[in-house]
Amino acid sequence: MRIVFMGTPDFSVPTLETLISSRHEVVGVVTQPDKPKGRGNAIQMSPVKECALKHEIPVYQPVRAREESFVEQMRALNPDVMVVIAFGQILSQELLDLPKFGCVNIHASLLPKYRGASPIQWAVINGDEETGITTMQMAAGMDTGDILETAVIKLDKKETGGSLFDRLSLMGGDLILSTLDKLEAGTIQAVPQDDAQATYVKKIPKSMGEIDWTMSAVAIERLVRGLNPWPSAYTHWNGKMLKIWEAEVLPQSADAKKGEPADVLEADHDTLTIQTGDGVLKICSLQLEGKKRMDVASFLRGYPVEVGSRVGKE
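The sections below set out a description of the structure shown in this document. (Residues numbered from 1 in each chain as written. Predicted model: local features only at pLDDT ≥ 70, side-chain atom pairs only at ≥ 80, totals over all residues. Heavy atoms only, no water.)

**Remarks on the sheet that holds strand S7 (residues 103-107)**
Next up, step 1: Pairing within the open sheet is mixed, and its 7 strands lie in the order S5-S2-S1-S6-S7-S9-S10. Strands at the two margins of the open sheet, each flanked by one partner only, are strand S5 (59-60) and strand S10 (147-154).
Next up, step 2: Pairing geometry for S7 and strand S9 (residues 130-137), over 4 bridges, is antiparallel. What sits directly across from Asn105, in S9, is Met136.
Next up, step 3: Along the sheet, helix H6 (residues 161-185) makes contact with strand S1 (2-7), strand S6 (81-85), S7, S9 and S10, crossing S10 at roughly 145 degrees. (Pairing = 2+ DSSP bridges. Helix = DSSP H or I, 4+ residues; strand = E, 2+ residues; numbered from the N terminus. Contact = heavy atoms within 4.5 Å. Axes fitted to C-alpha atoms, helices over the stretch in contact; angles between N-to-C directions.)

**Some points on the environment of Lys203**
Next up, step 1: With respect to the element layout, Lys203 can be found in the loop between strand S11 (200-201) and helix H7 (217-226).
Next up, step 2: The exposure class assigned to Lys203 is exposed, which follows from its relative accessible area of 68%.
Next up, step 3: Distance from Lys203 to Asp10, taken between C-alpha atoms, is 17 Å for residues 193 residues apart in sequence. (Buried < 20%, exposed > 50% of the residue type's maximum accessible area, 1.4 Å probe, protein only.)

**A closer look at the state of the cysteines**
Next up, step 1: For the structure on display, the rule yields 0 disulfides.
Next up, step 2: Cys51 supplies the cysteine sulfur nearest to Cys103, a cysteine that is in no disulfide, at a spacing of 20 Å. (Disulfide = S-S within 2.5 Å.)

**So, the packing of aromatic side chains**
Next up, step 1: By the definition in use, this model includes 4 aromatic pairs.
Next up, step 2: Judged by centre distance (5.0 Å) and plane angle (65 degrees), the ring pair of Phe11 and Phe165 falls under edge-to-face. Here Phe11 is found in the loop between S1 and helix H1 (13-21), whereas its partner Phe165 is found in helix H6, with 154 residues between them in sequence.
Next up, step 3: Exposure remark for Phe165: the relative accessible area of 26% places this residue in the partly exposed category.
Next up, step 4: Where Trp237 meets Phe299, the ring centres are 5.6 Å apart and the plane angle is 65 degrees; that geometry is what we call edge-to-face. Taken together, the residues span a long stretch of sequence, with Trp237 in strand S12 (residues 233-237) and Phe299 in helix H8 (residues 296-302) at a distance of 62 residues. With respect to class, Trp237 is no different from Phe299; both count as buried.
Next up, step 5: The structure contains a cluster of three or more aromatic residues connected by ring pairs, namely Trp237, Phe299 and Tyr303. (Phe/Tyr/Trp six-rings, centres within 6.5 Å; stacked < 30°, edge-to-face > 60°.)

Here it is, written out as structure tokens:
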């Protein structure tokens, strides 16, 4: 097949590499425009563009994919299918209808669950036992098209947003090759999504990482893992931001001494525990504003914490 690939972040790159190495022909790559990044505002290419240029594949970077001039460029490429994974723009119906086999999206959830921008993090935050990826025939709505194929994986008990990101990104290539083979052979059975079962997840803001200590220890521990590495879960201590990178939920007996949510219960040698709204959270790895990430023992040697003090904003 003649394929136009549409994607932007590093999550999309393994799938693009798989397609380039396959029997199919990637005739063009579409990605978001270059953007300034970092303190120096240096112009930076997307990871997908870097991959395409490495393989000498033509790159297209429309400001708006709905523009007629861009649609005409795509029409000139005469693609059999467009493969879309984390591109970052809504496609017009004209584009969706352009290829012989339409536009196939690779989405990082088991649709219709977690339609939208942040399915990976929410699978961890919500404590899901499994998730996966879906290939979908794209329609005009947000992740509403018919399901073509799915691949399922189990989440590890220590799964983070970052580790799940890596695992799912590597699954896209194999699944899209299977889907394309079946589309070409006419053997695939598209299944409409059950809209009644749909859930939506928006882009995660940095502010979501601020820990509400009235939540349960279980919920906070999941938040810590789900937002690792970005935007990360955090609290405040002595007026500075304190990122929490790793934590454990401690069992708490009914007669155990309890404090108020955000109270420090233990702070000795390599143990730092904090009372939550339900249960106790043991902090394992953290990072004070302006410092490097460290284990609790290293932190407590440099920054003594008093039992009975509190974390969070004053």
